[in-house]
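# Fold and contact review
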Amino acid sequence: MFLLILVVGLGDVVAIIPMAALVAVMIMVSVGTFDWHSVRPSTLRRMPKSETAVMLATVVVTVWTHNLAYGVVVGVLVATVLFARRVAHLTTVTREDTKSGPDGGTRTYVVEGELFFASSNDLVYQFDYAGDPDDVVIDMTKAHVWDASTVATLDAIRTKYAAKGKTVTIVGANPDTTERLDRLAGKLGAGH
């Protein structure tokens, strides 16, 4: 409130203050508000490497460009990429034999996690295309499809099974995933 009154009400008086004095005040405010404990080597060793990378990227870009906005943008981009990389590995596929019969039976794969461009890359390698029986069920009850790349991956899985003469049924998808599959499945080009 004081700063607002100073700039709006006393703008003419503030204008005659030398810039060097204002710079000195801003430097002292920065030094006083900075958390020096956060840059100690002992603290940096305990922090996750991703957080340290975000902090360093932000500081380096800010100092290099002399523009805090560029530093913040780069920091957000680095944080986004590192988050996507970390979340990509939280997807699991569990294989279950549900029934067997004269035709070889049915194998069910239970997919768990959030499926998007980063996590769906490994999904295609989680299935035993040659060793599975003729009927394969992919249970998506515990999964959510977020983007078209996962639909393309599921298409690739169906294509690989079809090449072996096997059928794939996707069950348990939530309404959003079902809508995305219905809209995009088979329309995204060749599989992986």
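No experiment lies behind these values; they were computed from the predicted model shown.

### With respect to the nonpolar core
Inside soluble globular proteins, nonpolar side chains tend to come together where they are buried. Counting residues in each nonpolar core, the largest one holds 21 residues, and the members touching the most others are Phe127, Ile138, Met140, Leu154, Ile157 and Tyr161. Breaking this core down by element, the ones donating at least two residues are β2 (106–115), β3 (135–145), α8 (148–163), β4 (167–171) and α9 (175–184). Those residues in contact with phenylalanine 127 that lie beyond four places of it in its chain are Val93, Tyr109, Ile138, Ile157 and Tyr161.

### Notes on the confidence of the model for the protein chain
Confidence in the prediction of the protein chain, expressed as mean pLDDT, is 82, and 93% of residues score 70 or more. Mean pLDDT per element in the protein chain: strand β1 (residues 92–99) is the minimum at 75, and helix α5 (residues 49–65) is the maximum at 90.

### Here we look at a nonpolar patch on the surface
The grouping of Ile17, Met19, Leu22, Val23, Ile27, Met28, Val31, Phe34, Trp36 and Val39 at the surface amounts to a nonpolar patch, some 930 Å² of accessible area in total. Here isoleucine 27 is to be found in helix α3 (residues 19–33). According to the relative accessible area criterion, isoleucine 27 is partly exposed, its value standing at 48%.

### Quick notes on the pairing of β2
Side chains on a regular strand alternate between the two faces of the sheet. With respect to burial, β2 is a largely interior element, eight of its 10 residues being buried. As judged from the nine bridges shared by β2 and β3, these two strands associate in the parallel manner. Along β3, the bridge assignment pairs threonine 106 with aspartate 135.

### Quick look at the layout of surface pockets
In this model, the largest pocket occupies a volume close to 320 Å³. In terms of lining, the largest pocket is formed by Phe34, Ser38, Val39, Met55, Leu56, Val59, Thr62, Val63, His66, Asn67 and Leu68. Here the lining of the largest pocket takes five residues from α5, the largest share from any one element. Residues that form the lining of the largest pocket fall into these classes: seven nonpolar, four polar and no charged.

### Here we look at unusual backbone geometry
For histidine 66, which is not glycine, the phi dihedral falls at a positive 60 degrees. Mapped onto the elements, histidine 66 comes out in the loop between α5 and α6 (68–88). Histidine 66 gets classed as exposed once you look at its relative accessible area, which sits at 73%.

### Section: the packing of α8 against α9
Pairs of packed helices are described in terms of their axes, by the angle between the two and the distance that separates them. As a packed pair, α8 and α9 sit with axes 10 Å apart at the nearest point and diverge in direction by 65 degrees. Relative to α9, the element α8 lies roughly perpendicular. Here α8 runs over α9; the crossing is right-handed. On α9, the residues touching Ala148, Val151, Leu154 and Asp155 of α8 are Arg180, Leu181 and Leu184. Here the residues of the contact of α8 with α9 sort into five nonpolar, no polar and two charged.

### Some words on the pattern of salt bridges
One pass over the structure, following the stated rule, counts four salt bridges. Across the pair aspartate 176 and arginine 180 runs a salt bridge whose closest N-O atoms are separated by 3.3 Å. With aspartate 176 and arginine 180 both in helix α9 and four residues apart, this pair spans about one turn of that helix. Note that glutamate 179 and arginine 183 form a salt bridge whose closest N and O atoms lie 2.8 Å from each other. One end of the pair, glutamate 179, and the other, arginine 183, are both in helix α9, four residues apart, so they sit about a helical turn from each other.

Cut-off values and rules
Residues numbered from 1 in each chain as written. Predicted model: local features only at pLDDT ≥ 70, side-chain atom pairs only at ≥ 80, totals over all residues. Heavy atoms only, no water. Core = buried A, V, L, I, M, F, W, Y, C linked by side-chain atoms within 4.5 Å. Buried < 20%, exposed > 50% of the residue type's maximum accessible area, 1.4 Å probe, protein only. Helix = DSSP H or I, 4+ residues; strand = E, 2+ residues; numbered from the N terminus. Contact = heavy atoms within 4.5 Å. pLDDT = per-residue confidence, 0-100. Patch = residues over 30% accessible without salt bridge, like charges linked within 9 Å, V, L, I, M, F, W, Y side chains within 5 Å. Areas by Shrake-Rupley, 256 points an atom, 1.4 Å probe, with all protein chains shown as cover. Salt bridge = Lys/Arg side-chain N within 4 Å of Asp/Glu carboxyl O. Pairing = 2+ DSSP bridges. 1 Å grid on protein atoms, 1.4 Å probe; cavity = no way out; pocket = protein on both sides within 12 Å on 5 of 7 lines; lining within 4 Å. Points joined across faces, edges and corners; volume = space filled by probe spheres on them. Nonpolar A, V, L, I, M, F, W, Y, C, P; charged D, E, K, R; others polar. Axes fitted to C-alpha atoms, helices over the stretch in contact; angles between N-to-C directions. Parallel < 35°, antiparallel > 145°, perpendicular 65-115°, else oblique. Left-handed = near helix turned anticlockwise from the far one by under 90°.

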